[in-house]
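Chain by chain, the residues:
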Amino acid sequence: MSLTSFLKDDGELRILIDETFEKPETEIGAERVAEPQTTNYALIGTAFDYVLRFKLERHYDNVDSKPWVAHQGVAVAQLTDMANDLSPELSLEDVLSDAERLHQDYLETGELTDELLAATLDLARLDRIYRDMSLSDEFGEANESDIKDLRRLYEIVPENEFLGADTVLLNPVFGSASKLVGGADADLVLDSSLIDIKTVKEAKLKAGYWRQLVGYAILADIASDELEHMPEFTELGIYFSRHGKLWRTSASRVYGHEKYEDFREWFRERAESHFKNE
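Residues numbered from 1 in each chain as written. Predicted model: local features only at pLDDT ≥ 70, side-chain atom pairs only at ≥ 80, totals over all residues. Heavy atoms only, no water.

### Notes on the packing of aromatic side chains
- Evaluated as defined, the whole model comprises 12 aromatic pairs.
- Taking 5.6 Å as the distance between ring centres and 65° as the angle between the ring planes, the aromatic pair formed by F6 and F267 counts as edge-to-face. In this pair, F6 sits in helix α1 (residues 3–9) while F267 sits in helix α12 (residues 260–276), placing the two residues 261 residues apart along the sequence.
- Judged by relative accessible area, which is 0%, F6 ranks as buried.
- A relative accessible area of 0% means that F267 is categorised as buried.
- Put simply, the rings of F21, Y255, Y260, F263 and W266 pair up and form one aromatic cluster.
- The ring of Y154 carries the charged tip of K55 above its face, separated from the ring centre by 4.5 Å. (Phe/Tyr/Trp six-rings, centres within 6.5 Å; stacked < 30°, edge-to-face > 60°. Helix = DSSP H or I, 4+ residues; strand = E, 2+ residues; numbered from the N terminus. Buried < 20%, exposed > 50% of the residue type's maximum accessible area, 1.4 Å probe, protein only. Lys NZ or Arg CZ within 6 Å of the ring centre and 35° of its normal.)

### Brief notes about the nonpolar core
- Counting residues in hydrophobic clusters, the biggest one holds 52 residues, and the most contacted among them are F48, L123, L126, L150 and Y239.
- If you list the elements that add at least two residues to this core, you get α3 (41–59), α4 (69–80), α5 (92–109), α6 (114–132), α7 (144–155), β2 (168–170), β3 (188–190) and β4 (193–198).
- With 42 residues, the next largest nonpolar core counts L180, A184, L213 and L227 among its residues. (Core = buried A, V, L, I, M, F, W, Y, C linked by side-chain atoms within 4.5 Å.)

### Brief notes about the packing of α3 against α6
- Following both chains from N to C, one finds α3 and α6 inclined at 120°, their axes separated by 8 Å at the closest point. On the basis of their axis angle, the class for α3 and α6 is oblique. Where α3 crosses over α6, the handedness of that crossing is right-handed. Where α3 abuts α6, its residues L43, I44, T46, A47, Y50, V51 and F54 lie against L116, L117, T120, L121, L123, A124, R125, D127 and R128.
- When its residues are assigned to classes, the contact of α3 with α6 shows 11 nonpolar, 2 polar and 3 charged. (Axes fitted to C-alpha atoms, helices over the stretch in contact; angles between N-to-C directions. Parallel < 35°, antiparallel > 145°, perpendicular 65-115°, else oblique. Left-handed = near helix turned anticlockwise from the far one by under 90°. Contact = heavy atoms within 4.5 Å. Nonpolar A, V, L, I, M, F, W, Y, C, P; charged D, E, K, R; others polar.)

Printed below as a string of structure tokens:
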């Protein structure tokens, strides 16, 4: 279970979020400038999360970076013997080690090599092991078009939007509140902005995207007393990576609602009940 599955499985939760925290009616107004090169949409989306993370790590000295989800993917594969289904010549530990080496090379040189981009595809495949117990049979394979896609996504990142922050948290978790929903890690915090990354064809604020932001905001508030490095959010945002567009809105849409405190407590109780039934 996770925040994503909690939102997906609980129809009443979705309805109450929609009724309580009305989705902003906004036109993002951004054209797609990085066209998908293959149909590996989910794989590219997760791989780009790593690519952007690496870019920010290189720029900032004060970045707070949590361990990669890929590490947990390797651990799950070991514990469940999933790796036994792979070719004897393939070691997930070696896949992870190679990615770590290439990542370190990038941090030192700033050169985004095709090898590193290929490694992010494997990191995305390791993520899937942890997130949905899905084992790919394509480790070590990298479509040239996927590499081209990732490089283009990297090139169009608007540096004026992402560089210059004092607080940078990569893949932050929400302490005990994350455990409340069986796992929740956001993409990025820049100063007091909580940002989710969407590598999608349309720069459109879908209801599911908004619900996810609301969920993250509530989890951060529930665990605020124990999250020393987590700022109080004043903005919620989505980076539409294929459009090079960062959309933001005031967090008061959530925290300033007259029913917020009641909803937060209902959300906590609902999550506890849901998780116990898993």
